[in-house]
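The residues making up each chain are set out below.
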Amino acid sequence: MTTAVTVCVPVFNAAVFLAETLDSIAAQSFADIKVLMSLDRSVDDSESICLRYLHHRPLGLIVQRERLGWVGNVNALIERVDTPYFCITPHDDLLAPQYLAEVYALAASDPAIACAYSDVQGFGTLRPYFAQSDIRGTLIERVIDFLLDHFAVVPFRGIIRRRNSDDRPYIPTGLRHDFAADTVWMLHIALRGELRRVPSLLYSKRYHEASVHAPWRNWPREELIVLWAEQAAACARIALEHVGDPRDREVVLAAALMRVAGIGNSRVYATPTEPLEIAAATAIFCDALGDASCLRDVQSVLAYPNARRLRDAIAGNVSHDVADAPSSLAPRIRKRLEHILASMMRS
């Protein structure tokens, strides 16, 4: 019988954390797994720890003699996956004993599910709690939901369904500094099917100063604005490749522009907040997309049936009195979005 899940563990200079992570994988109540590690070129004792575990447990190990970086190292693992499902478990994270059992049960319950994941608790230098909502519905609904409401990449740690034996959903390359490559990858997965949540805390993400993501928050503000705009443009380009209907394409582009401007729930530390930041980010976004960034009359786009989520997101960003009648809200939403997007396109 084929093993169900490959647990992929990318390793780099992880001697301080690795044993604890491998122990948490070994303690899983779900036994139908194989564990594969890829050791990126390291300068600490990570390799000796990997080798020590190989003597006691059925693990696989790939030793990279050249530095691949975190995206390359994860992709090296995905290249070797031969099971119907896989998950990425970074070298410093911890799994509750029932994590794989519960998440796999959801992932395997419905072929429409492309990825299943649980809630995540941060620990270490930061302690955020992530309860990332499902991404469901038709393809266009999933794309709009992602663009408006998602940046945190809880599904990166979830269980991914492969379509067939040749399917390799690699992390995208080519993003500057690999910034938000995992976020863009999440869109790729959402294009394949639904992302579904197990509403339980089963996963712990370690925060520490040596992690890949830790320096991102400290980069110069102007650099973050560029990177934010470029990830939004990458997402728009990928989504537009999968959407053929002209009206749907306009809705996707409007949603991507709203993402650039921080309209919706995808806002993070890199999202522009000041008018000049928004103008700069939008100009970068439009340059990256070229002719694909052209958007016609905004009021017409907002009237499309698939633009309901855009109207709702704008409503959340419009200041209006409680006494306003509902009938007056729609025109105000249209006016607000038209003002924002028109100023963007002029920039």
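Let me sum up the structure you'll find in this document.

So, how was this worked out
Residues numbered from 1 in each chain as written. Predicted model: local features only at pLDDT ≥ 70, side-chain atom pairs only at ≥ 80, totals over all residues. Heavy atoms only, no water. Pairing = 2+ DSSP bridges. Helix = DSSP H or I, 4+ residues; strand = E, 2+ residues; numbered from the N terminus. Core = buried A, V, L, I, M, F, W, Y, C linked by side-chain atoms within 4.5 Å. Buried < 20%, exposed > 50% of the residue type's maximum accessible area, 1.4 Å probe, protein only. Phe/Tyr/Trp six-rings, centres within 6.5 Å; stacked < 30°, edge-to-face > 60°.

**Observations regarding the pairing of strand 9 (residues 194-207)**
By the bridge criterion, two bridges tie strand 5 (residues 94-95) to strand 9 in an arrangement that is antiparallel. Paired with Leu 94 across the bridge in strand 9 is Ser 204. For strand 6 (residues 113-124) and strand 9, the ladder comprises 11 bridges, and the chain directions are parallel. Within strand 9, the position partnered with Cys 115 by the bridge is Leu 195.

**Section: the nonpolar core**
Among the nonpolar cores identified, the biggest contains 104 residues, and Val 5, Val 7, Phe 285 and Leu 310 are the most heavily contacted of them. In this structure, Phe 179, Leu 224, Trp 228 and Ala 270 belong to the second largest nonpolar core, which totals eight residues.

**Focus: unusual backbone geometry**
One non-glycine residue, Asn 13, adopts positive backbone phi at about 45 degrees. Among the structural elements, Asn 13 can be located in the loop between strand 1 (5-11) and helix 1 (18-26). We classify Asn 13 as partly exposed; its relative accessible area is 31%. Positive phi values are uncommon outside glycine, yet Asp 178 reaches one of about 60 degrees. Residue position: Asp 178 is located in the loop between strand 8 (159-161) and helix 6 (181-192).

**Section: the packing of aromatic side chains**
Aromatic ring pairs are described here by two measures, namely the spacing of the ring centres and the angle between the planes. Scanning all chains against the criterion turns up 10 aromatic pairs. A ring pair is formed by Trp 70 and Phe 156, whose centres lie 6.3 Å apart and whose planes are at 80 degrees; its orientation type is edge-to-face. Separated by 86 residues along the polypeptide, Trp 70 in helix 3 (residues 69-80) and Phe 156 in the loop between helix 5 (139-149) and strand 8 bring together distant segments of the chain. For Trp 70, a relative accessible area of 15% corresponds to the buried category.

Fair warning: the whole summary comes from geometry, so function is off the table for now.
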